[in-house]
Amino acid sequence: MNIDDKVLKLLVSDAKKAAKKGEIPVSAVILDKDNNVVSHAFNKRQSGFNVLGHAEILAILKAEKRIKDWRLDGYKMVVVLEPCDMCSMVISKCRIDEIYYFIAQKNQDDLDDFGINKHFIKKYDQYRDFFEKLLVNFFYNMR
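Residues numbered from 1 in each chain as written. Predicted model: local features only at pLDDT ≥ 70, side-chain atom pairs only at ≥ 80, totals over all residues. Heavy atoms only, no water.

Peer 1: An account of the nonpolar core is requested, with residue identities and associated values reported.
Peer 2: With 42 residues, the main nonpolar core has Ile30, Met77, Val78, Phe102 and Phe131 as its most contacted residues. Of all the secondary structure elements, the ones that give two or more residues to this core are α1 (5-20), β1 (27-31), β2 (37-42), α2 (55-67), β3 (76-81), β4 (98-103) and α4 (125-142). It is α1 that contributes the most residues to this core, six residues altogether. Among residues more than four places away in sequence, those in contact with isoleucine 30 are Asn36, Val37, Val38, Ser39, Ala59, Ile60, Ala63, Leu72, Tyr75, Lys76, Met77 and Ile96. (Core = buried A, V, L, I, M, F, W, Y, C linked by side-chain atoms within 4.5 Å. Buried < 20%, exposed > 50% of the residue type's maximum accessible area, 1.4 Å probe, protein only. Helix = DSSP H or I, 4+ residues; strand = E, 2+ residues; numbered from the N terminus. Contact = heavy atoms within 4.5 Å.)

Given below as structure tokens:
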């Protein structure tokens, strides 16, 4: 999948916003069948005092509200980091068809059980490098 510059810029902008707020710098964008942006979000677990405040879940809630349906059949998600088990379950339940991510989780369980078509993004190296640095710096500064 070719990712539009607009989507890449949204991911970068939102990841930076998350980092500035003391959140893990993860962002997500949901695209419709024609690759138009439907919603985007970044982590707000700490600032929102909400265990469910992951970028993926917040983007899903915005998309559902916008299209007035909880079913996101035919939609795609692009996210900085491979979704955790909780997010993967929610993604599968709202029926998002495909997920694209830049950075794979370490020690992640096999998420094929959730029935999600997941794709590690092999191109856009400069973005993957940017997101990796942002995450590494975030966790380094927490110590």
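Here the narrative resumes, following the displayed structure.
Peer 1: An account of the side chain of asparagine 43 is needed here, citing residue identities and associated values.
Peer 2: Topologically, asparagine 43 is positioned in the loop between β2 and α2. Given the relative accessible area of 10%, asparagine 43 is considered buried. Reaching out from asparagine 43, the side chain makes a polar contact with the backbone oxygen of isoleucine 24 at a distance of 3.2 Å. Residues within four places of asparagine 43 in sequence aside, it is in contact with Ala18, Glu23, Ile24, Val26, Gly53, His54 and Ala55. (Polar contact = N/O pair within 3.5 Å; in protein donor to acceptor, adjacent residues only side chain to side chain.)

Peer 1: Account for the side chain of glutamate 23, with residues named and values stated.
Peer 2: Tracing the backbone shows glutamate 23 in the loop between α1 and β1. Comment: no salt bridge for buried glutamate 23; closest opposite-charge side chain is arginine 45, at 6.1 Å. Within the local environment of glutamate 23, its side chain forms a polar contact with the backbone nitrogen of serine 47, the two atoms lying 2.5 Å apart. Not counting residues within four places of it along the chain, the set of residues in contact with glutamate 23 comprises Ala18, Asn43, Lys44, Arg45, Gln46, Ser47, Gly48 and Phe138. (Lys, Arg positive; Asp, Glu negative; His and termini not counted. Salt bridge = Lys/Arg side-chain N within 4 Å of Asp/Glu carboxyl O.)

Peer 1: Could you give an account of the pairing of β3, with specific residues and numbers?
Peer 2: Within β3, six of the six residues are buried, which leaves it mostly tucked inside the rest of the structure. In terms of strand pairing, β1 meets β3 through four bridges, oriented antiparallel. Paired with isoleucine 30 across the strands is methionine 77, a residue of β3. Of the pairings in the sheet, the one linking β3 to β4 comprises five bridges and is parallel in character. Each bridged residue has a counterpart across the sheet, and for lysine 76 the counterpart in β4 is glutamate 98. The parallel pair β3 and β4 is bridged by helix α3 (residues 85-93), and the resulting crossover is right-handed. (Pairing = 2+ DSSP bridges. Right-handed = clockwise from strand over helix to strand, strands pointing away.)

Peer 1: With reference to specific residues and values, describe unusual backbone geometry.
Peer 2: Outside of glycine, negative phi angles account for most residues, and trans bonds account for most peptide bonds. Even without a glycine there, the phi angle at asparagine 35 is positive, about 65 degrees. Considering the arrangement of structural elements, one finds asparagine 35 in the loop between β1 and β2. Relative accessible area serves as the criterion here: at 35%, asparagine 35 is assigned to the partly exposed category. Unusually for a residue other than glycine, tyrosine 124 sits at a positive phi of about 65 degrees. Under the relative-accessibility criterion, tyrosine 124 is labelled buried at 15%.

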